[in-house]
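# An overview of the molecular structure
Here is how the chains run, residue by residue.
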Amino acid sequence: MDSLTPYCRELASPGIFQTALSIQIILGILLSYLPQHIRIIARRSSFGISPYFILLGVTSGTSAFANILVFPSTAQDVACCRDISGFACFAGLLGVFQMAMQWLAFFSILLLFVIYFPRATSPTDPVGSVSSTSNGPTYRTALIVTGICLLHALVTIIISLAVELRYPAAVATWANFLGILAAILASIQYFPQIYTTFRLRCVGSLSIPMMCIQTPGSLVWAASLAARKGWSGWSIWGVLVVTACLQGTLLTMAIYFEYFGSNNKGKAGHVDQTGEPDESAPADESAQQEPVHEERPSEETPLLQSQ
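Residues numbered from 1 in each chain as written. Predicted model: local features only at pLDDT ≥ 70, side-chain atom pairs only at ≥ 80, totals over all residues. Heavy atoms only, no water.

## Quick look at the environment of Thr-243
Under the convention used in this document: The helix count covers DSSP runs of H or I at least four residues long, the strand count covers runs of E at least two residues long, and both are numbered beginning at the N terminus. For the exposure calls, accessible area comes from a 1.4 Å probe over protein chains only, and a residue counts as buried if that area is under 20% of its type's maximum, exposed if over 50%, partly exposed in between.
Note on placement: Thr-243 falls in helix H10 (residues 234-260). The class of Thr-243 is buried, set by a relative accessible area of 11%. Along the chain, Thr-243 and Tyr-190 lie 53 residues apart, while their C-alpha atoms are 8.2 Å from each other.

## Observations regarding the state of the cysteines
Put simply, the test is: By definition, disulfides here are pairs of cysteine sulfur atoms that lie within 2.5 Å.
Applying the stated criterion across every chain, the model contains 2 disulfides. Between Cys-8 and Cys-80 runs a disulfide, and the two sulfur atoms are separated by 1.8 Å. Judged by the torsion about the S-S bond (-75°), the Cys-8/Cys-80 disulfide is left-handed. Taken together, the residues Cys-8 in helix H1 (residues 6-11) and Cys-80 in helix H4 (residues 72-80) connect sequence positions 72 residues apart. Like Cys-8, the residue Cys-80 is buried in the burial classification. One disulfide in the model links Cys-81 with Cys-89; its S-S distance is 2.0 Å. One quick way to see it: the torsion about the S-S bond of Cys-81 and Cys-89 is about 90°, and its sign makes the bridge right-handed. Taking only the cysteines that form disulfides and numbering them from first to last, the chain has the pattern 1-2, 3-4.

## Regarding the packing of helix H3 (residues 51-70) against helix H6 (residues 94-115)
Helix-helix packing is characterised by the crossing angle of the two axes and by the distance between the axes. Quick reminder of the rule: Interaxial angle, 0 to 180 degrees, is taken between N-to-C directions of lines fitted to C-alpha atoms, where a helix line uses only the stretch in contact. An angle counts as roughly parallel when it lies under 35 degrees, as roughly antiparallel when it exceeds 145, as roughly perpendicular when it falls between 65 and 115, and as oblique in every other case. Left-handed is the label given to a crossing in which the near helix is rotated counterclockwise from the far helix by less than a right angle, and right-handed is the label when the rotation is clockwise. Between two residues, a contact is recorded if the distance between any of their heavy atoms is within 4.5 Å. Amino acids outside the nonpolar list (Ala, Val, Leu, Ile, Met, Phe, Trp, Tyr, Cys, Pro) and the charged list (Asp, Glu, Lys, Arg) are all regarded as polar, and Gly is one of them.
Orientation of H3 relative to H6, taken along the N-to-C sense of each, is 155°, at an axis distance of 9 Å. One element, H3, and the other, H6, form an angle in the roughly antiparallel class. When the axes of H3 and H6 are compared, the crossing they make is left-handed. For the pair H3 and H6, contact is made by Pro-51, Phe-53, Ile-54, Gly-57, Val-58, Gly-61, Thr-62, Ala-64, Phe-65, Ile-68 and Leu-69 and by Gly-95, Val-96, Met-99, Ala-100, Trp-103, Phe-106, Phe-107, Ile-109, Leu-110 and Phe-113, respectively. Among the residues making up the contact of H3 with H6, the classes are represented as 17 nonpolar, 4 polar and no charged.

## Side note on H4
Going by this rule: Note: the arc covers the axis-to-C-beta directions of the helix.
Of the residues making up H4, those classed as buried are Ser-73, Thr-74, Asp-77 and Cys-80. One face of H4 carries all of its buried residues, which in axial projection span an arc of 120°.

## Overview of the packing of aromatic side chains
We apply this condition: Ring geometry is summarised as follows: Phe, Tyr and Trp rings, the Trp one being its six-membered ring, pair when their centres sit within 6.5 Å, and such pairs are stacked at plane angles under 30 degrees, edge-to-face over 60 and tilted between the two.
Summed over all chains, the structure comprises 10 aromatic pairs. Taking the centre distance of 6.1 Å and the plane angle of 80° together, the rings of Tyr-33 and Phe-106 count as edge-to-face. Of the two residues, Tyr-33 sits in helix H2 (residues 16-43) while Phe-106 sits in helix H6, which places them 73 residues apart along the sequence. Geometrically, the ring pair formed by Trp-103 and Phe-107 is stacked, given 5.1 Å between the ring centres and 15° between the ring planes. With Trp-103 and Phe-107 both in helix H6 and 4 residues apart, the pair spans about one turn of that helix. Overall, the relative accessible area of 24% leaves Trp-103 in the partly exposed class.

Structure follows, in structure tokens:
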């Protein structure tokens, strides 16, 4: 123990409360995303979820995960694991596990979004739009979003490895850049979804329980990371504060449309929440009120009319 550096000595004695809270946050992240996964699978549709919300969310999560991986203190934690106990090493890397769980959970939403995206029924246009709400996203858009997310992750990995191996002095700068990029992407992540929910005036496949858990949970998670990384790790936990504020705005809107704006459902284009035309919706009022005029017989009317 005496041969340990002051940083490793502090890491070798993890606080029980901090460790328990960090483990609960990991479980909370997993449980918070499960309602969204289950809702998409149960409805067999990702209608109502903006592809740009998915794009920004995945790229933001990738940047945040890469940020904490290349952050200098994380390298110190890994180096200390050779001299401290396994439990202390596990406790010291809980912040990395938290970011990994968030990225994996949101990436799962991306996969479900593509798998259950409302498809076109025309065999001649398999990637065309089925949105009856006019100007809705197409399946081609969902595939492009998926490709961009995978490409962004690959480029981030390559640059991070290059900086670690060839420019170690620039690691902190690259980590802060990733943190700022994650914060920017997270800041604008919810605007496409807020616009989509406002335009559809319904929740669709978006999960309210997920947001109910994540909105306060993000603030608790930010506080936990701030206590672990300090003010120097602002690029890590600051993104969570921004996310919590914007997600709270979306949550308020979703609750209003789900429980107080039910009269607006089904009126815009008669589309149900699965993205298909609502057959139970009433026909156009002008069509209902239009009287049917039967053709009266005249001198030119044939005696035997075809059926």
